[in-house]
Amino acid sequence: MREPEANSVIRNICCIGAGYVGGPTMAVVADRCPLIQVKVVDINQKRIDAWNQNDLSKLPVYEPGLDLVVSRARNRNLYFSVDVQGAIAEADMVFISVNTPTKTKGLGAGKASDLRWVEACARQVANFAQGHTIVVEKSTLPVRTAEVIKTILEAAQTSHQNDSNSSTFEVLSNPEFLAEGSAIKDLEEPDRVLIGGESSEAIEALASIYKNWVPEQKILRTNIWSSELAKLTANAFLAQRISSINSIGALCEATGADVREVARAIGTDSRIGSKFLDAGPGFGGSCFKKDILNLVYLSRHFGLPEVADFWEGVVELNTWHQHRISRLVVKKLFGTLSGKRVAILGFAFKANTNDTRETSAINIAKDLLDEGALLSIHDPKVAPAQIALDLGLEEMKPSKSFGSKSSGTSNEGTWWFSEEISEVCSGADAILILTEWYQYSQINWIEISKNMRNPAWVFDARSIVNSEKVLSAGLQFWRVGDGSAEVR
Ligand code: NAD
Ligand code: UGA
């Protein structure tokens, strides 16, 4: 680690929002900048309590390495609290890191971002800030949101003009590019840090924080609108690659090609690159869908319907692909799931996170439940209470006979959870792998197959299991995008 920058003008940071971005990002800032006091505040008392609890395995966000970073900085220069007002008042720099979901009603419903939480933050900063404060947009925001924030802050400046302690503000955009599951690595060794703004003094104040651990050439400075738009564009391009490869996967299944071979062949072209070409059950996560829909909304708003349609297709393909997988399971199981048991392995939207927001498992599980399946679900990090919320259906624990190979219709359209892989697979007609957790690649198929109901299927939507081992255990096998498995 480098020597901390002693000349930084920033001594006190407040971050509003202690979620998946605010918590880990500020933990790394505090860890790398011991001379700066970092306060992460939230209106959610339970979340703050969870950040403050002694048992580091129970932090509200699961991220590999986060516990260590928190243990080094917490109560040294990193604090979690619900005192939003106090933290803003003390801060030289305030990060806004609150949720920006898609609007569910009113103008732009279903596409535009709901900025009510961001606006609330701007008003709080306007009310409580003292002296000069740099306000940093960390949340992902539609282009020109900085204008809204500035208007709110300037209104406060005007109304406090005659106060002895009138406050002044600068607004910067500093979008976050971390991916869940690798957040700490992404924060400690980012591909780039993007800072958009008008005041070079404010930009350099923020850059001086990052310079404590990020090489100068990785710190990009742009105008504020480019920075806001670059974040949406980065997510749109990443999601587009996944829809592209999943669309080709469907074609592979129909033609006898194997999407992994196609991905390898195109990925070696340095202009295309090999990352983000893994076919799967469709992209999930809290951001890809919402950020693309936001881009779609902006494009329509600015009179560019062709641009809007182009990006909307990425989301439409993803939804189609999720339903395609559930239809395929039904088809392979003789066209009906009534009274059949399907074990779902993995509910998180990707491995190494407990986050289930927009996970493909939700749409797929709901389709299977609608078909009358009895689902048994396993995930090493997701709690059953979260799954109940996501499915809008309470867990129904099985009766004793449930684990046996006989089926029945009394539990149709219900689900239950177990922490044991062998238990969820016992008595199942099919196993559907939806998250690429490492332990699923290590399953002993001979053992598992003994307790399944024949003819039993393994559907590998993540392409992580060894097909030979599955087949030699006497199980039927389907893998996403693998037409060679189809013709076998
Ligand atoms: P999150 O829902 O996990 O956390 C947001 C937190 O903000 C919540 O705890 C909420 O209680 C709090 N909050 C809302 N309004 C508040 C207020 N007025 N005062 C105090 N606290 C308030 O969200 P997240 O996943 O951390 O995402 C935050 C932003 O970062 C979003 O714009 C998202 O698009 C963006 N982003 C997320 C990721 C990711 O991997 N999750 C990555 C990059 C960018
Ligand atoms: C994504 C971006 O990668 C981050 O840069 C960005 O900061 C973040 O969104 C955000 O703005 O929220 P994240 O959603 O956490 O990060 O995770 P990704 O690794 O991008 O995966 C997203 C989804 O795509 C997952 O469901 C994953 O399983 C899927 N995926 C990813 C594939 O199906 N195939 C791939 O090759 C890669």
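Residues numbered from 1 in each chain as written. Chains lettered and ligands numbered in written order. Predicted model: local features only at pLDDT ≥ 70, side-chain atom pairs only at ≥ 80, totals over all residues. Heavy atoms only, no water.

Caption draft 1: Spotlight on the site of ligand 1. Neighbouring ligand 1 are 26 residues; D42, R47, T100, E180 and K290 lie closest to it. Contact distances for ligand 1 include 2.9 Å between an oxygen atom and a backbone N or O atom of T140. Summarising the interface, the protein chains cover 93% of the accessible area of ligand 1, which totals 840 Å² for the free molecule. Take the shell around ligand 1: its biggest share by element is three residues, from helix 5 (residues 116-128). Residues belonging to the shell around ligand 1 are distributed by class as follows: nine nonpolar, 10 polar and seven charged. (Near = heavy atom within 4 Å. Polar contact = N/O pair within 3.5 Å; in protein donor to acceptor, adjacent residues only side chain to side chain. Areas by Shrake-Rupley, 256 points an atom, 1.4 Å probe, with all protein chains shown as cover. Helix = DSSP H or I, 4+ residues; strand = E, 2+ residues; numbered from the N terminus. Nonpolar A, V, L, I, M, F, W, Y, C, P; charged D, E, K, R; others polar.)

Caption draft 2: Quick look at the site of ligand 2. In the vicinity of ligand 2 lie 19 residues, with F177, L178, E180, C287 and K350 positioned nearest. Contacts to ligand 2 include F177, whose backbone N or O atom sits 2.7 Å from an oxygen atom. One of the backbone nitrogen or oxygen atoms of D278 is found 2.8 Å away from a nitrogen atom of ligand 2. Relative to its unbound accessible area of 700 Å², ligand 2 is 90% covered by the protein chains. Element by element, the count of residues in the shell around ligand 2 is highest for helix 9 (residues 224-255), at four residues. The residues that make up the shell around ligand 2 include at least three from each of domain 1 (12-222) and domain 2 (317-487). (Domains from an automatic or database assignment.)

Caption draft 3: Structural detail: a nonpolar patch on the surface. On the surface, a nonpolar cluster with roughly 270 Å² of combined accessible area is contributed by F302, L304 and V307. Position of F302 among the secondary structure elements: in the loop between helix 11 (288-301) and helix 12 (305-332). (Patch = residues over 30% accessible without salt bridge, like charges linked within 9 Å, V, L, I, M, F, W, Y side chains within 5 Å. Salt bridge = Lys/Arg side-chain N within 4 Å of Asp/Glu carboxyl O.)

Caption draft 4: Seen up close, helix 3 (residues 66-73). For helix 3, every residue scored as buried is listed here: L66, V69, V70 and A73. When helix 3 is viewed along its axis, its buried side chains cluster within an angular range of 95° and face the same direction. If you follow the buried residues of helix 3, they end up packed against helix 1 (22-32), helix 2 (45-52), strand 3 (78-81) and helix 7 (183-188). After helix 3 finishes, the residue N75 shows a positive phi value of roughly 65°. (Buried < 20%, exposed > 50% of the residue type's maximum accessible area, 1.4 Å probe, protein only. Arc of directions from axis to C-beta. Contact = heavy atoms within 4.5 Å.)

Caption draft 5: Examining the side chain of N212 more closely. Note on placement: N212 falls in the loop between helix 8 (200-210) and strand 8 (219-222). Judged by relative accessible area, which is 3%, N212 ranks as buried. Separated by 3.4 Å, the side chain of N212 and the backbone oxygen of S208 make a polar contact. A distance of 3.0 Å separates a polar side-chain atom of N212 from the backbone oxygen of I209.

Caption draft 6: Quick look at the packing of helix 9 against helix 12. Put simply, helix 9 and helix 12 touch, their axes get as near as 9 Å, and they point 40° apart. Taken together, helix 9 and helix 12 sit at an angle that is classed as oblique. Like other packed secondary-structure pairs, helix 9 and helix 12 cross with a definite hand, here left-handed. Between helix 9, through A236, F237, A239, Q240, S243, N246, S247, A250 and E253, and helix 12, the contact on the second element is made entirely by W311, V314, L317, N318, W320, H321, R324 and L328. Looking at side-chain class alone, the contact of helix 9 with helix 12 contains nine nonpolar, six polar and two charged residues. (Axes fitted to C-alpha atoms, helices over the stretch in contact; angles between N-to-C directions. Parallel < 35°, antiparallel > 145°, perpendicular 65-115°, else oblique. Left-handed = near helix turned anticlockwise from the far one by under 90°.)

Caption draft 7: The packing of aromatic side chains, seen in detail. A full pass over the atoms with the stated rule returns seven aromatic pairs. When the centroid spacing of 5.2 Å and the interplanar angle of 10° are considered together, the rings of W457 and F459 count as stacked. A relative accessible area of 12% places W457 in the buried class. Given the relative accessible area of 0%, F459 is considered buried. An aromatic cluster is defined as three or more aromatic residues linked by ring pairs; in this entry it consists of F237, F310 and W311. Geometry around W225 places R144 over its ring, the cationic atom sitting 4.0 Å from the centre. Positioned above the aromatic ring of Y62 is the side chain of K381, whose terminal nitrogen or guanidinium carbon lies 4.2 Å from the ring centre. (Phe/Tyr/Trp six-rings, centres within 6.5 Å; stacked < 30°, edge-to-face > 60°. Lys NZ or Arg CZ within 6 Å of the ring centre and 35° of its normal.)

Caption draft 8: Layout of the domain arrangement of the protein. Once the domains are mapped, the protein shows domain 1 (12-222) and domain 2 (317-487). Distance between the C-alpha centres of domain 1 and domain 2: 39 Å. Between domain 1 and domain 2, the residue contacts involve seven residues of the former and nine residues of the latter. For domain 1, the biggest contributors to the area lost against domain 2 are Y20, Y62 and E180; these three give 79% of the whole. There are one salt bridge connecting domain 1 and domain 2. A salt bridge links R357 to E180; its shortest N-O distance comes to 3.6 Å. (Buried area = accessible area lost by both parts, 1.4 Å probe.)

Caption draft 9: Region of interest: the sheet that holds strand 10 (residues 374-378). An order of 11-10-9-12-13-14 is seen for the six strands of this open sheet, with the pairing classed as parallel. Unpaired on one side and paired on the other, strand 11 (414-417) and strand 14 (476-479) mark the two borders of the sheet. Each adjacent strand pair in this sheet contributes to an overall mean axis angle of 20°, direction not counted. Pairing of strand 9 (residues 341-345) with strand 10, which is carried by five bridges, proceeds in the parallel orientation. Each bridged residue has a counterpart across the sheet, and for A343 the counterpart in strand 10 is S376. Packing against the sheet, helix 12 makes contact with strand 12 (430-433), strand 13 (457-460) and strand 14, and its axis sits at approximately 165° to strand 13. Lying on the sheet, helix 14 (residues 384-391) is in contact with strand 10 and strand 11; it crosses strand 11 at an angle near 160°. (Pairing = 2+ DSSP bridges.)

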